[in-house]
Amino acid sequence: MRVEILFLLYILSTSFIAGMIGSLLGLGGGIILVPALTILFDMPIHEAIGLSFIGVLVNSSSSSLVYIKNGITDIRLSSILEIGAVIGSIVGAYTALSTDSNVLSIIFGIVLGYVAIDMYRKTRTMKENDIKRELNSGEEREYFEESTKKMVKYSLLRKKEGIILSSVGGIFAGLLGVGGGVIFVPIMNRIMNVPIKVAIATSSFMIGATSLVGMLIFFNNGFIDAVIVSPIIIGMFFGAQLGSRINMGLTEKLLTNIFILVVIYIAFRMFTNGLGIEVFNI
Amino acid sequence: MTAIDERNLGEDLILKMMKLLLMISITMSIASVIIEISFMDQYIISAMVNASLLGIDLLEFLAILALFMIPVVRLSIMAIEFCKLGNYINGVTESVVLIIILVLAARIVI
């Protein structure tokens, strides 16, 4: 099937931006790509979710290359959280297939709104504690902080809670085609006491598996339009490469603030979209 | 074990494989887009360009297949490396995830 060149270019540039922001914030890009495809291109949300899984998989692999190379990814932690996340993703993907598009959009908006509020509360209440972190109270780990050129120590806490909550994250990942970074990053950062950079890198690594599971289920049900897969792969790859390089030089506070702003905007758009209210249409 | 110590968990091999498969996927995608936008498929009467698998053009199929292989390969490497280090819980976890993925993939093909 022939597709218009301009359409391919729009998809390519949208994927590039989604990949860059996604990688910058460890979100996989799905929370940008799904709303972009539905809001800008009037694509049915189920198709957008199917394509988003592919984009998230590219983004995850691409940014993981940079994070692993720099020793930020906590591979053992990802291994612990992956099983719950993958099972949750299967449940979520099958639920999404039998859920109405408007309901999915509203759920998308609510989930993102909650995440933004949660992260905002965290920056207001934790401040110094967030930077110093709780030490000597769990499994000790460390990583090299590029912006300060120092090794940062942290203690891994509440593993059991992390595993249970990661399966909830997996459900939302499969349900909304978002990879799950939007849930996994706060779980690791807030509950397991993992610094946000390590949380972002580890989340990027593990969402490869959750998005692949979602991709296979949506592909099996005919919700992946192969014609526009290529520009999404190209855009997400180069976007993710740029995003993960920008991430290395940014401070934890700035990253968190960008995360909150992006998530609030998308939450609002998806919620109004689900209710059928047209706001600031581009 | 710290994040830095874990660099011996087959990370170099994972990095190499991920890089290779990503490059294959990107190359196939770029070739597919070039053929699409340059109308080359109208002039090149080639079995390769016109062939399709599972209802997808060959180049796009190869791009998706390479992407599919990334988590499969890295899960395999991690399962083996964790077992080598005697960390069987992590090894089994990785193996279970791998089996789930392969079963889902088999459902598409069969």
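Source: prediction; values computed, not measured.

About the cut-offs
- Residues numbered from 1 in each chain as written.
- Chains lettered and ligands numbered in written order.
- Predicted model: local features only at pLDDT ≥ 70, side-chain atom pairs only at ≥ 80, totals over all residues.
- Heavy atoms only, no water.
- Salt bridge = Lys/Arg side-chain N within 4 Å of Asp/Glu carboxyl O.
- Helix = DSSP H or I, 4+ residues; strand = E, 2+ residues; numbered from the N terminus.
- Buried < 20%, exposed > 50% of the residue type's maximum accessible area, 1.4 Å probe, protein only.
- Contact = heavy atoms within 4.5 Å.
- Buried area = accessible area lost by both parts, 1.4 Å probe.
- Polar contact = N/O pair within 3.5 Å; in protein donor to acceptor, adjacent residues only side chain to side chain.
- Nonpolar A, V, L, I, M, F, W, Y, C, P; charged D, E, K, R; others polar.
- Expected span 1.5 Å × (residues − 1).
- Bend = angle between axes of the 7 residues up to and from the residue.
- Patch = residues over 30% accessible without salt bridge, like charges linked within 9 Å, V, L, I, M, F, W, Y side chains within 5 Å.
- Areas by Shrake-Rupley, 256 points an atom, 1.4 Å probe, with all protein chains shown as cover.

Asks: What am I meant to see in the pattern of salt bridges here?
Replies: When their charged atoms lie close together, side chains carrying opposite charge are able to pair. All names here are of chain B. By the definition in use, this model includes two salt bridges over all chains. In this structure, the salt-bridge partner of Glu81 is Lys84, at a minimum N-O distance of 3.7 Å. With Glu81 and Lys84 both in helix H4 (residues 58-84) and three residues apart, the pair spans about one turn of that helix. Judged by its relative accessible area of 16%, Glu81 is buried.

Asks: Got a minute to help me understand unusual backbone geometry in this structure?
Replies: Trans peptide bonds make up most of the peptide bonds, and negative phi angles are found at most residues other than glycine. Residue and element names in this part refer to chain A. For Asp42, which is not glycine, the phi torsion reads 50 degrees and is therefore positive. By the element assignment, Asp42 lies in the loop between helix H2 (30-41) and helix H3 (45-69). Given the relative accessible area of 68%, Asp42 is considered exposed. With a phi close to 70 degrees, Asn193 is a non-glycine residue in the positive phi region. Along the chain, Asn193 falls in the loop between helix H8 (181-191) and helix H9 (196-220). For Asn193, a relative accessible area of 5% corresponds to the buried category.

Asks: Is there a simple way to think about the interface of chain A and chain B in this case?
Replies: Bring the parts together and some accessible area is lost; that lost area is often taken as the interface size. At the junction of the two partners, chain A supplies 55 residues and chain B supplies 51 residues. Carbon and sulfur atoms supply 72% of the area buried between chain A and chain B, which totals about 4600 Å² over both sides. The tally of links from chain A across to chain B stands at one salt bridge. The shortest N-O distance in the salt bridge between Arg74 of chain B and Glu82 of chain A comes to 2.8 Å. Linking chain A to chain B there are six residue pairs in polar contact (both at pLDDT 80 or more). Secondary-structure elements contributing two or more residues to the side of chain A that touches chain B are helix H1 (5-25), H3, helix H4 (75-97), strand E1 (139-145), strand E2 (150-156), H9 and helix H10 (229-248) of chain A. Each residue belonging to the side of chain A that touches chain B can be placed in one class, and the counts come to 36 nonpolar, 11 polar and eight charged.

Asks: Mind showing me how you'd approach H4 of chain A here?
Replies: Given 3.6 residues per helical turn, the α-helix brings residues three or four places apart onto the same face. Residues and elements named next belong to chain A. Relative to the 33 Å expected for 23 residues at 1.5 Å per residue, H4 spans 31 Å between its end C-alpha atoms, a close match to the ideal helical length. At Glu82, H4 shows its maximal kink, close to 40 degrees. Most of H4 is tucked away, with 17 of its 23 residues classed as buried.

Asks: What exactly am I supposed to notice about a nonpolar patch on the surface here?
Replies: Together, Phe16, Ile17, Phe238, Leu242 and Ile246 of chain A together with Ile30 and Ile34 of chain B make up a nonpolar patch on the protein surface, roughly 550 Å² of accessible area in all. Of all elements in the fold, only H1 and H10 of chain A together with helix H1 (11-37) of chain B reach the threshold of two or more residues within the nonpolar patch. Counting residues per element, the nonpolar patch draws most heavily on H10 of chain A, which supplies three residues. Note on placement: Ile30 of chain B falls in helix H1. Residue classification places Ile30 of chain B among the partly exposed residues on the basis of a relative accessible area of 33%.

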